[in-house]
Amino acid sequence: MSFLNQIFSLEGELRYFQRKAIEKLITTIDKEVLKPKICLVKLPTGYGKTLIGLSPFLYQLINDKWLSFSWLCYVLPTRVLCNSVRDKIEDRYLEKLKKGINKQFNVNIKAFHGGIESSDELFADVAITTFDTFTLSYARRTIGGSHLERPAGFIATSLLVLDEAHMLHDENLHAFSLLRAIIRSLYKVGVPIVFMSATIPKCVEEYVLNGIPERDIEYVIEKDEEFNEDPSTYRGIIEEATFKEDKDINEIFKQEGGWWKRLLVVCNTVERATELYKNFNEEGVYKILIHSRIRRDERERRERVLKLMMREAKCDECNNIKPLSYIKDDKNSSIKVLCEECGESLPNSIKVNRIAVFATQVIEAGLDISSDLLITELSPVDSLIQRSGRCARFKGEKGKVVIVDVKDPLPYPLEFIKRSREAIKEYESNLAPYLFEYKAMQNLLNDAYTDLIFTQLDNEVKQYVTYLEGTGLLTFTIDWQMIDNLRTRPGLQLTLVALKDNLKCMNAHVEHKIKGKNVVTEYSVLEEITISLKDLLSKFNKKDEEDKEEYLTVLKEDEVINSSFPLNLKDASKIPDCLKINGGYVYELMPFYVYEGKRVKVYKIQRSTQRLREGIYLVNPDYYDDEIGLWRLSH
């Protein structure tokens, strides 16, 4: 059985450009070249790009023929995407492949995202990571300054897949510039790279790939070739798309009535998504809120419900693939999503006739959900196209899109919103095809970004670019100050921890040992405790910041990881109210690896009133709600 026939068992019949892309990638691998070409895969939303990016790894895995790389490093713009792609690879591809070819694989797949994971941990057979975590790993940002070459070694011996990596909007091209520097560096040393996107404007493509010779870029769709496949062969159809300049989303709800069964509302900010969610009380509708500032464990529960309820999927009880219409949720375990028969037979199951999802841009790409009606705030054109990919996503479906104008451009640069508004108004009379038909989509994208001026990089970003590009993978070049100061986006990137009310912590004994020239802090457990968050925080009122206590309470790694989410601040000196606890103090979590003589990570809580720096901080519990997350930063 040929490799492509084996892939059929995963996807059904391959589409023309899927097959073409996979063949090009496999041919490049089989040539055993020292410097493979960068493969550029520009295909529509819903076309099946994940399988294309995964195919070289599957090829080597199936044939046990490891030629060009040993691992797969899959880079995505958001945490939600990382979780979605991880689940897709595990459940949809590897499991099917094992059954299809009757061969067992022991493949370690892990998602890395956020400030919780140290960059020196970036290692797995398949590592799925955000752009931020990948960049810091490449730059050797490690906890304690150890294992500097581990991430470099992993990246240097991996196939690097950059999926929707252009979705990094910022005013001064900070993220684009770092991405370009890394691509140049990895290209020099022969790391195989696959760059995939549904919505990359031509000017951004040229900027990011600047410096790579034309002969070394492999285009899946050649310049003299057009993508001419009928969208209905790989996705549903958006029948109507309208732009509303003078109405808010609440007015749209009334106007659209209740004809829909699956509603998706996408806002540009957490605050607006939360307000709409709280005020939406239509009878008989199961509503879900999802944004980046919800605790990781709770966010993953909700993501799972979305993926199952907004498409045909396996029932959690009978394991048959059916339309799912019941939910059973006891709040203390995973949510069960059930078919009609199982839902009727299980007590305390909730019938779901209609579902309304309120979200931010975290759902824009890679999340396999589909809606009948999409209501979205105006955002950059590439973002709008990605959001439209969550409407009538699957074959045979039909949907409607309503775009609502915004007064405040945040979090996007004003220039991007102005260009988007002008482009949408130009095509307003027949807007729908430009949101899902590939050729029309490309015209809309390029019109919106025509003559986009790439501003001069400031000195700070220039320093980062020089350091990241360096020579190859910077094997012998270590700049500790640059590593500590490097920012992947404009502003300050923080990881916040919203602790649960009852915490599983440890009372620990602290010892400071001198090992060689270094002082090593070790913890040994006195007892494991369950403590209320209120009691834990009250302890800090009794301590002086400089007090050197022999005993302290430390948090276990799992408690911290499951409670984390990101926050971006432009000004380190302006501390938001949500971080001020016990009279204005800020509490930073300091990770330590040595615990009872073993390299296990625990977190010490340290009180501070200094300027914020990139790190992990406690959230004031008065600002966090289990249902709506951290929806406001200050009074």
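Note: the structure precedes this text.
Here is a short report on the structure shown in this document.

About the cut-offs
- Residues numbered from 1 in each chain as written.
- Predicted model: local features only at pLDDT ≥ 70, side-chain atom pairs only at ≥ 80, totals over all residues.
- Heavy atoms only, no water.
- Helix = DSSP H or I, 4+ residues; strand = E, 2+ residues; numbered from the N terminus.
- Buried < 20%, exposed > 50% of the residue type's maximum accessible area, 1.4 Å probe, protein only.
- Contact = heavy atoms within 4.5 Å.
- Areas by Shrake-Rupley, 256 points an atom, 1.4 Å probe, with all protein chains shown as cover.
- Polar contact = N/O pair within 3.5 Å; in protein donor to acceptor, adjacent residues only side chain to side chain.
- Pairing = 2+ DSSP bridges.
- Expected span 1.5 Å × (residues − 1).
- Phe/Tyr/Trp six-rings, centres within 6.5 Å; stacked < 30°, edge-to-face > 60°.
- Lys NZ or Arg CZ within 6 Å of the ring centre and 35° of its normal.

Counting secondary structure elements, the chain contains 19 helices and 26 strands. Classification of the 635 residues of the chain by burial places 60% in the buried group. Long-range contacts, defined as pairs at least 24 residues apart, comprise 74% of the intrachain contacts of the chain with a sequence gap of at least 6. Accessible surface, the chain as shown: approximately 27,000 Å² in total, 46% of it carbon and sulfur.

What follows concerns the environment of Asp626. One can find Asp626 in the segment after strand E26 (616–618). Between the C-alpha atom of Asp626 and that of Lys500, which follows or precedes it by 126 residues, the distance is 8.9 Å. Among the polar contacts listed, one links the side chain of Asp626 to the side chain of Arg295, at a separation of 3.1 Å.

Among the six residues of strand E5 (residues 158–163), six are classified as buried, and the element is accordingly described as predominantly covered. Here E5 shows no split at all, with Ser158, Leu160 and Leu162 on one side and Leu159, Val161 and Asp163 on the other all buried. Examined bridge by bridge, E5 and strand E6 (residues 193–197) share four bridges and lie parallel to one another. Among the inter-strand pairings, Leu162 is bridged to a residue of E6, identified as Phe195.

In a regular helix each residue adds 1.5 Å, so 14 residues correspond to 20 Å; helix H11 (residues 296–309) covers 20 Å between its end C-alpha atoms and thus fits that length. Of all 14 residues making up H11, 11 are buried, and the element is well covered by its neighbours. Buried residues of H11: Arg296, Glu298, Arg299, Arg301, Arg302, Glu303, Val305, Leu306, Lys307, Leu308 and Met309, and no others.

Let us look at the packing of aromatic side chains. Taken as a whole and assessed by the stated rule, the structure comprises 15 aromatic pairs. Between Phe565 and Tyr624, the aromatic rings sit 5.9 Å apart at their centres with planes inclined by 15°, giving stacked as the arrangement. Of this pair, Phe565 sits in strand E23 (residues 564–569) while Tyr624 sits in the segment after E26, and the two are 59 residues apart along the sequence. Here Phe565 falls in the buried class, since its relative accessible area comes to 0%. Overall, the relative accessible area of 12% leaves Tyr624 in the buried class. Put simply, the rings of Tyr16, Phe17, Tyr47, Phe227, Tyr234 and Tyr438 touch in pairs and so form one group of aromatic residues. The cationic tip of Arg15 hangs over the ring face of Tyr47; the distance from NZ or CZ to the ring centre is 5.4 Å. Positioned above the aromatic ring of Trp631, the side-chain terminus of Lys278 is 3.9 Å from the ring centre.

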